[in-house]
Amino acid sequence: QKQTCRPTMLAGLLVAAACVGRGEGLTEAPPSLVGFRLRVLPSTLDNFYLKTLGMELVHNASTPANGAASPSAKTAASPPSPPRYALPSQQPGQVFEFEEALTATSTPLPLDSCTHCPCYWLCGFLVDDAVNAAEALRTAPGASGYYVSPAADIMQFLDVGTMAELVDDSGMQTELLQRGFGPAPLVKPLPPGQFSTTTAQGLAFRTADRDSTLAFWTKALGFKLLLDQRVEQYGFGLLFLVPGDTRFSLTAFDFPGPTHGPRNAQGNYTGNGDAVSLHVLKQPFMQIQAQYYFGVGNGTTVADYAAPAAGEAGFLGVLLQSQDLPGLIARAQRLNAAYVQRGALVEPNGIPLIFE
């Protein structure tokens, strides 16, 4: 049965909210989002992901049943996957895989993720208090080689959210995204447990083609569009995509009446935290976020994904699980022949898709 979504215009945000149903292009069970594969220095894995965020080993090694469905893998046969780790508060079954890097990335990203950067991807982690979580990270043992946003630079960015930026010693950028509206004051002494409820928000990447990206993820992979957020004054938008098997409540996106608190001159909420994006950030499951440009952002150069060199730190792919990978590939090819190359699914931006 086809899922019907009710779009709602709210403060310049187009919300495509869904609750229960199949992905748009699939008649059978859509693939599940398992997580992400990264290559990081051993020090980054130990100090940031394990000791600071609190990830725990959930599987030492495994062999994907169907191999890696990405041309970047060069072969349909895949070696055993790297060890898997999960956050204690994360939705069960959603993980990170880490390969060991020998060197930091040779193409460090700018700290301002909205600047003109041709290659862009990052992982986001949800925290209750971005200011004090960033301070806890700044003062954590082993974090001397990191850049972390100082408290004075952490602010509510329009309706998008409150976030702190991190560059770890592998040279990779991460965002700490706050679940609530507006930054809290820095507390001294710092309360413990700043990352005790941390979950992964998901992967963000940049695309030069919004429509092709949206069509592939929703029609070929059966993902749902949770939110299309246009930030008009900066000329970019954000597509929030969730797997087609995700269940979430439509009522989280229904607001009682037209008044939602004070707004600034641009029409953005400034005080009560009713921005739709905050409800997106409160969801307990990983998401895919694609940033696209329009208007004043048209001058931004966007390049397709490029795999890191051998042994170099970087992002390696999205982990997906399909009950019928051959059927998924066949349906995608019928939709658009460009979706399949050499018998494998090809994401329009070159993002590696690793199936199991």
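All values derive from a computational prediction rather than experimental measurement.

A. Just the overall build of the protein chain, in detail. Along its length, the protein chain carries five helices and 19 strands. Expressed as a percentage of the 356 residues in the protein chain, the buried residues total 55%. Contacts in the protein chain between residues at least 24 apart in sequence constitute 74% of all its contacts with a sequence separation of at least 6. Total accessible area on the protein chain stands at roughly 15,000 Å², and carbon and sulfur atoms take up 55% of it.

B. View of the nonpolar core. In this structure, Leu-38, Tyr-49, Phe-96, Phe-125, Leu-221, Ile-288 and Val-318 are the most contacted members of the largest nonpolar core, which totals 68 residues. At six residues, the largest contribution of residues to this core is made by helix H2 (residues 130-138). The next biggest cluster of nonpolar side chains, apart from the first, holds 13 residues, and it includes Leu-158, Leu-226, Leu-227 and Val-302.

C. Region of interest: the packing of aromatic side chains. Scanning all chains against the criterion turns up 17 aromatic pairs. Summarising the aromatic geometry, the rings of Phe-216 and Tyr-339 are spaced 5.1 Å apart at their centres and angled 80 degrees between planes, so their arrangement reads as edge-to-face. Residue Phe-216 is located in helix H3 (residues 210-220), and its partner Tyr-339 is located in the loop between helix H5 (325-335) and strand S17 (340-341); the two are separated by 123 residues in the primary sequence. Given the relative accessible area of 0%, Phe-216 is considered buried. Using a relative accessible area of 9% as the deciding quantity, one classes Tyr-339 as buried. Here a set of aromatic residues connected by ring pairs shows up, and it is made of Phe-36, Phe-48, Tyr-49, Tyr-85, Phe-96, Phe-98, Phe-125 and Tyr-146. Over the ring of Tyr-292 we find Arg-210, and its NZ or CZ is 5.4 Å from the ring centre. The side chain of Arg-230 reaches across the aromatic face of Phe-294, ending 3.8 Å from its centre.

D. Representation of the pattern of salt bridges. For the structure shown, the criterion picks out ten salt bridges. For Glu-356, the salt bridge identified is with Arg-84, shortest N-O distance 2.4 Å. Here Glu-356 is found in the segment after strand S19 (353-355), whereas its partner Arg-84 is found in strand S5 (residues 84-86), with 272 residues between them in sequence. Just as Glu-356 is buried, Arg-84 falls in that class too.

E. Quick look at the pairing of strand S16 (residues 314-321). A large share of S16 lies buried, amounting to seven of its eight residues. Sheet topology places strand S3 (residues 32-40) next to S16; seven bridges connect them, and they run antiparallel. Note on S16: the bridge partner recorded for Arg-37 is Gly-317. Summarising the sheet, S16 and S19 pair through three bridges and their orientation is parallel. Paired with Leu-320 across the bridge in S19 is Phe-355.

F. Region of the structure containing the sheet that holds S16. Sheet architecture is open: six strands sit in the order S4-S5-S6-S3-S16-S19, paired in mixed fashion. The open sheet is flanked by strand S4 (56-59) and S19, the only strands paired with a single partner. Each neighbouring strand pair of the sheet contributes to a mean axis angle of 35 degrees, computed without reference to strand direction. Taken strand by strand, helix H1 (residues 42-52) contacts S3, S5 and strand S6 (95-100), and its axis lies near 130 degrees from that of S3.

G. Expanded view of the environment of Ala-290. Inspection of the secondary structure assignment puts Ala-290 in strand S15 (residues 287-293). Here Ala-290 falls in the buried class, since its relative accessible area comes to 0%. Along the backbone, Ala-290 and Leu-241 are 49 residues apart, and their C-alpha atoms lie at a distance of 8.1 Å. Beyond its immediate chain neighbours, meaning those up to four positions away, Ala-290 contacts Phe-205, Thr-207, Thr-213, Gly-237, Leu-238 and Leu-239.

H. Representation of unusual backbone geometry within the structure. With an omega dihedral of -5 degrees, the bond running from Lys-188 to Pro-189 counts as a cis peptide bond. Take Pro-189: it is sitting in the loop between strand S11 (173-178) and strand S12 (199-206). The phi angle at Arg-342 is positive, at roughly 55 degrees, despite the residue not being glycine. Structurally, Arg-342 can be placed in the loop between S17 and strand S18 (344-345).

I. Structural context of H3. Taken together, the buried positions of H3 are Thr-213, Leu-214, Ala-215, Phe-216, Trp-217, Thr-218 and Ala-220. Taking the backbone nitrogen of Asp-211 as reference, a side-chain oxygen 3.3 Å away marks Asp-209 as the first, capping residue of H3.

J. Highlighting the confidence of the model for the protein chain. Mean pLDDT over the protein chain stands at 76; residues scoring 70 or higher make up 72%. A low-confidence stretch, residues 63-77 stays under pLDDT 50, and its non-local contacts, those more than four residues away or across chains, total 37 contacts. Per-residue pLDDT stays below 50 along residues 250-264; that stretch engages in 33 contacts with residues further than four places along the chain or on separate chains.

K. Spotlight on the pairing of strand S7 (residues 121-127). Extensive coverage of S7 is indicated by the burial of seven of its seven residues. Burial along S7 is two-sided: Trp-121, Cys-123, Phe-125 and Val-127 facing one way and Leu-122, Gly-124 and Leu-126 facing the other are all buried. Bridge count for S7 against S12 is six bridges, and the pairing is antiparallel. Bridge pairing in S12 places Trp-121 opposite Phe-205.

Conventions adopted
- Residues numbered from 1 in each chain as written.
- Predicted model: local features only at pLDDT ≥ 70, side-chain atom pairs only at ≥ 80, totals over all residues.
- Heavy atoms only, no water.
- Helix = DSSP H or I, 4+ residues; strand = E, 2+ residues; numbered from the N terminus.
- Buried < 20%, exposed > 50% of the residue type's maximum accessible area, 1.4 Å probe, protein only.
- Contact = heavy atoms within 4.5 Å.
- Areas by Shrake-Rupley, 256 points an atom, 1.4 Å probe, with all protein chains shown as cover.
- Core = buried A, V, L, I, M, F, W, Y, C linked by side-chain atoms within 4.5 Å.
- Phe/Tyr/Trp six-rings, centres within 6.5 Å; stacked < 30°, edge-to-face > 60°.
- Lys NZ or Arg CZ within 6 Å of the ring centre and 35° of its normal.
- Salt bridge = Lys/Arg side-chain N within 4 Å of Asp/Glu carboxyl O.
- Pairing = 2+ DSSP bridges.
- Axes fitted to C-alpha atoms, helices over the stretch in contact; angles between N-to-C directions.
- Polar contact = N/O pair within 3.5 Å; in protein donor to acceptor, adjacent residues only side chain to side chain.
- pLDDT = per-residue confidence, 0-100.

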